[in-house]
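# Close look at the chain arrangement
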Amino acid sequence: MAPSLMMVVASLLFATMGVCVKYASAHYSAAEIVFYRGLVGATIIGVLVLRRGGTLRTQVPAMHFWRSISGVAALCMWFYAIGNLPLATAMTLNYMSSVWMALFLLGGAILLGGARIDARLVATVLTGFAGVALILRPTIEQDQLWHGLIGLLSGMLSATAYLQVTALGRAGEPEYRVVLYFSLGGMCAGFLLALGTGLHAHTGQGLALLLAVGLLATVAQLLMTRAYAKGRTLVNASLQYLGIVFAFLVVRVLRWLCAS
């Protein structure tokens, strides 16, 4: 599968996951959702490794550590924003990661004199974000400014995490190992944070939503990791905007199904 197609499918899965997180927020805290997402993901990857073979030993543990730190922090902030902001607004703020990636790469190329960045791709990223924002018209009320700031920070940290995923792929790390260590990091951070906020009792609907979040996120992470390892970073960043549109469409379809 071409990296661009993998990114499109990953964006669809992430968008659907975001909708599930929005509904799960009525039953669980953001920390609990992060914990269960990591638990499901680590379990799935662990089973795949045992059945198909493979090793969890890595030559770049520091890279995995920093990727997990930035990725888990971004994830916690994103889930918090989804639970406290309109879904379109939370998705838009998080998907500013594409803008941050373009700015980081451009700044790095200027400061370090590295590889030349295609200005057309940078312009595409910025134009794409502006276009999606104008169509979805994300809104933040005055009492939601703090939640909006958290969502904005989640996008910035996500950009850092995606660049680290690209570096891990270039270093030869298989996607299952990248996703596994990230899932384990989410488990640990989510569990520790959930101890402070308290754990909620499960319901059938709540468990189904948590399972859906974990499954969708794991498959999407595997596809996204491979796409960033094999494809062009800013092309993938541009395609991520489809996630905002997908989330908007998924919500509309669900509302239509509930009304019919």
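Preceding block: the structure.
To start, this report covers the structure provided alongside it.

Calculation notes
- Residues numbered from 1 in each chain as written.
- Predicted model: local features only at pLDDT ≥ 70, side-chain atom pairs only at ≥ 80, totals over all residues.
- Heavy atoms only, no water.
- Helix = DSSP H or I, 4+ residues; strand = E, 2+ residues; numbered from the N terminus.
- Contact = heavy atoms within 4.5 Å.
- Expected span 1.5 Å × (residues − 1).
- Buried < 20%, exposed > 50% of the residue type's maximum accessible area, 1.4 Å probe, protein only.
- Arc of directions from axis to C-beta.
- Patch = residues over 30% accessible without salt bridge, like charges linked within 9 Å, V, L, I, M, F, W, Y side chains within 5 Å.
- Areas by Shrake-Rupley, 256 points an atom, 1.4 Å probe, with all protein chains shown as cover.
- Salt bridge = Lys/Arg side-chain N within 4 Å of Asp/Glu carboxyl O.
- Axes fitted to C-alpha atoms, helices over the stretch in contact; angles between N-to-C directions.
- Parallel < 35°, antiparallel > 145°, perpendicular 65-115°, else oblique.
- Left-handed = near helix turned anticlockwise from the far one by under 90°.

With that settled, consider the environment of Ala-194. Relative to the elements of secondary structure, Ala-194 occurs in helix H8 (residues 175-197). Separated by 160 residues in sequence, Ala-194 and Val-34 place their C-alpha atoms 9.1 Å apart. Each residue touching Ala-194, except ones within four places of it in the same chain, is listed here: Ala-31, Glu-32 and Leu-199.

On to helix H11 (residues 242-259). Over its 18 residues, H11 runs 26 Å from end to end, which matches the ideal 26 Å to within 8%, given 1.5 Å per residue. Buried residues of H11: Gly-243, Ile-244, Phe-246, Ala-247, Val-250 and Val-251, and no others. Projected down its long axis, H11 carries its buried residues within an arc of 160 degrees, all on one side. Exposed residues pointing more than 90 degrees away from the buried face of H11 are listed as Trp-256 and Ala-259.

Looking now at a nonpolar patch on the surface. A cluster of nonpolar side chains, Phe-65, Trp-66 and Ile-69, forms an exposed patch at the surface whose accessible area comes to about 350 Å². Tracing the backbone through its elements, the reader meets Ile-69 in helix H3 (residues 61-84).

Close contact between helix H4 (residues 87-94) and H11 brings their axes to 9 Å; oriented N to C, the two are set at 165 degrees. The orientation of H4 relative to H11 falls into the category roughly antiparallel. Considering the relative orientation of H4 and H11, their crossing is right-handed. Contacts between H4 and H11 pair Leu-87, Met-91 and Thr-92 from the former with Gly-243, Ile-244, Ala-247 and Val-251 from the latter.

Among the secondary structure elements, Ala-24 is positioned in helix H1 (residues 3-24). When the C-alpha atoms of Ala-24 and Phe-79 are compared, they prove to be 10.0 Å apart, with 55 residues separating the residues in sequence.

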